[in-house]
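Notes for the structure review
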Amino acid sequence: MAAPKVAVIGAGVIGLSTALCIVETCPSCSLTVLSDQFSPNTTSDIAAGILIPHTYPGTPIHVQKQWFKETFTDLFAISNSAEASEAGVHLISGWQVFKNTPKEELPFWSDVVLGFRLMSEAELQKFPQHRFGQAFTTLKCDCPPYLLWLEKRLKAAGVQMHTRKVADLWELQSEYNIVVNCTGIGAHQLVGDEKLFPVRGQVLKVHAPWVKNFIRDGDGSTYIYPGIHRVTLGGTREMENWSLSPDPGTTKDIFDRCCSLEPSLQVAQDITVKVGLRPSRQCVRVQREVLSQGGVKLLVVHNYGHGAGGFSMHRGTAKEAARLVRDCIAALQASSSRAKL
């Protein structure tokens, strides 16, 4: 059969990294990325891009750990290369602090990040309201440089990119053999996934170049993540809130909370406010599906529902989705061979 035609819908970090893994796993296929938004207008552009996993209740821990480990390994290699600056990928050290000792003093990912240890009494003096803490070094992707770097690599591999709003997977059936759904919160409408819900996140991007270490409150509600050019201050986790309008009261609350963790931020300059909807569900959906309509079949691979953990897991789930695409191609080739017999 001719080179199988694959369409990836979505150009956030999940869509672009999935497309790149498909190129690496299935080099013979013809690949196109379709999205109504590209960087800098995706949800991923708003994310802080730090690799600190969030636990998915519906996904086995060993699977989550594998996804995280694959992501960390790949990004560590980028951070250690000449492309680190262009890709916006860098190592970052800091602290995760808790007002009370958590049930799990060692999270499942503690042996994947670098130098994980419990904080000393002397270190905790920096955070007088907190009684327990963890210190480690992890990785951070600055967006949009990371997304633009992914786009550049895809274009160099001959991948087509088109701005297009896909309202129904079936509209692609006549053009593509396999459709890969990486639409994030858009999957709620596109495939009618009732298990998917938005968790609204409002963040501030500020100029505070003296802040070098990340600081994260253990409950995940307040965080300070320095990037190459800007520091991301957060945040909010508002379930089922679809509003993309910044709330001034929330902006003040975020700023005050972050200043209580890092008082020097009170003189931060050039504050901008961003809002995004995290595509959340009990478990990430990385799944192969065969849709059927009037005797016609459409092969679909889903990869969405990462919530707040998209950057932490993106390469791991992208590799799994690419393997599912490879399985779909093998099935197509087998049926094509049978048809010739």
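Residues numbered from 1 in each chain as written. Predicted model: local features only at pLDDT ≥ 70, side-chain atom pairs only at ≥ 80, totals over all residues. Heavy atoms only, no water.

Structural notes on the overall build of the chain
- Scanning the chain from terminus to terminus reveals eight helices and 14 strands.
- Across the chain, the fraction of contacts at a sequence separation of at least 24, relative to all contacts at a separation of at least 6, is 76%.
- As displayed, the chain offers around 15300 Å² of accessible surface, 52% of which is attributable to carbon and sulfur atoms.
- Distance between charge centroids for the chain: 4 Å, based on 35 positive and 31 negative side chains. (Helix = DSSP H or I, 4+ residues; strand = E, 2+ residues; numbered from the N terminus. Contact = heavy atoms within 4.5 Å. Areas by Shrake-Rupley, 256 points an atom, 1.4 Å probe, with all protein chains shown as cover. Lys, Arg positive; Asp, Glu negative; His and termini not counted. Charge placed at Lys NZ, Arg CZ, Asp CG, Glu CD.)

Quick notes on the layout of surface pockets
- Approximately 620 Å³ is the volume attributed to the second largest pocket.
- Forming the boundary of the second largest pocket are 30 residues, of which Pro 53, His 54, Thr 55, Arg 216 and Gly 218 lie nearest the centre.
- Mapped by element, the contributors of at least two residues to the lining of the second largest pocket are β3 (89–98), β8 (197–207), β13 (269–293) and β14 (296–306).
- For the lining of the second largest pocket, the element with the most residues is β13, which contributes four residues.
- Its residues placed into classes, the lining of the second largest pocket shows 12 nonpolar, 12 polar and six charged. (1 Å grid on protein atoms, 1.4 Å probe; cavity = no way out; pocket = protein on both sides within 12 Å on 5 of 7 lines; lining within 4 Å. Points joined across faces, edges and corners; volume = space filled by probe spheres on them. Nonpolar A, V, L, I, M, F, W, Y, C, P; charged D, E, K, R; others polar.)

Brief notes about the environment of Leu 190
- Along the polypeptide, Leu 190 turns up in helix α6 (residues 187–190).
- In this structure the C-alpha to C-alpha distance between Leu 190 and Thr 71, which are 119 residues apart in sequence, comes to 27 Å.
- Setting aside residues no more than four positions away along its own chain, Leu 190 makes contact with Ile 9, Val 166, Ala 167, Asp 168, Leu 169, Asn 181 and Thr 183.

What to know about the pairing of β14
- Of all the 11 residues making up β14, nine are buried; the element is thus mostly covered by neighbouring parts of the structure.
- As paired strands, strand β7 (residues 178–181) and β14 are joined by four bridges and run parallel to one another. Bridge pairing links Val 180 to Val 301 in β14.
- In this structure, β13 lies alongside β14, joined through 10 bridges in antiparallel fashion. Looking across to β14, one finds that Val 290 is bridged to Leu 299.
- Taken together, β13 and the strand that follows it, β14, pair antiparallel across an intervening segment of two residues, in which Gly 294 is found at a positive phi of about 55 degrees. (Buried < 20%, exposed > 50% of the residue type's maximum accessible area, 1.4 Å probe, protein only. Pairing = 2+ DSSP bridges.)

Some thoughts on the pattern of salt bridges
- Considering all chains together, one arrives at 20 salt bridges under this definition.
- For the salt bridge of Glu 24 with Arg 315, the shortest nitrogen-to-oxygen distance reads 3.5 Å. Of this pair, Glu 24 sits in helix α1 (residues 13–25) while Arg 315 sits in helix α8 (residues 310–340); the two residues are 291 residues apart in sequence, bridging distant segments of the chain.
- Residue Glu 24 is classed as partly exposed on the basis of its relative accessible area of 44%.
- The closest approach of N and O atoms between Glu 151 and Lys 155, which form a salt bridge, is 3.8 Å. Taken together, the residues span about one helical turn, with Glu 151 and Lys 155 both in helix α5 (residues 145–156) at a distance of four residues. (Salt bridge = Lys/Arg side-chain N within 4 Å of Asp/Glu carboxyl O.)

Focus: the UniProt feature "binding site: FAD" (unreviewed entry) in the chain
- As recorded in UniProt, the feature "binding site: FAD" (unreviewed entry) lies at Thr 43, Ser 44, Val 166 and Thr 183.
- Its place among the elements puts Ser 44 in the loop between β2 (30–35) and α2 (61–79).
- For Ser 44, a relative accessible area of 11% puts it in the buried group.
- Inspection of the secondary structure puts Thr 183 in the loop between β7 and α6. (UniProt positions renumbered as here; feature names shortened; annotations may be inferred.)

A word on the environment of Val 23
- Checked against the element boundaries, Val 23 lands in helix α1.
- The sequence separation of Val 23 and Ala 322 amounts to 299 residues, and the corresponding C-alpha distance is 8.4 Å.
- With near-sequence residues (within four places) excluded, Val 23 lies in contact with Leu 31, Leu 154, Ala 157 and Val 159.

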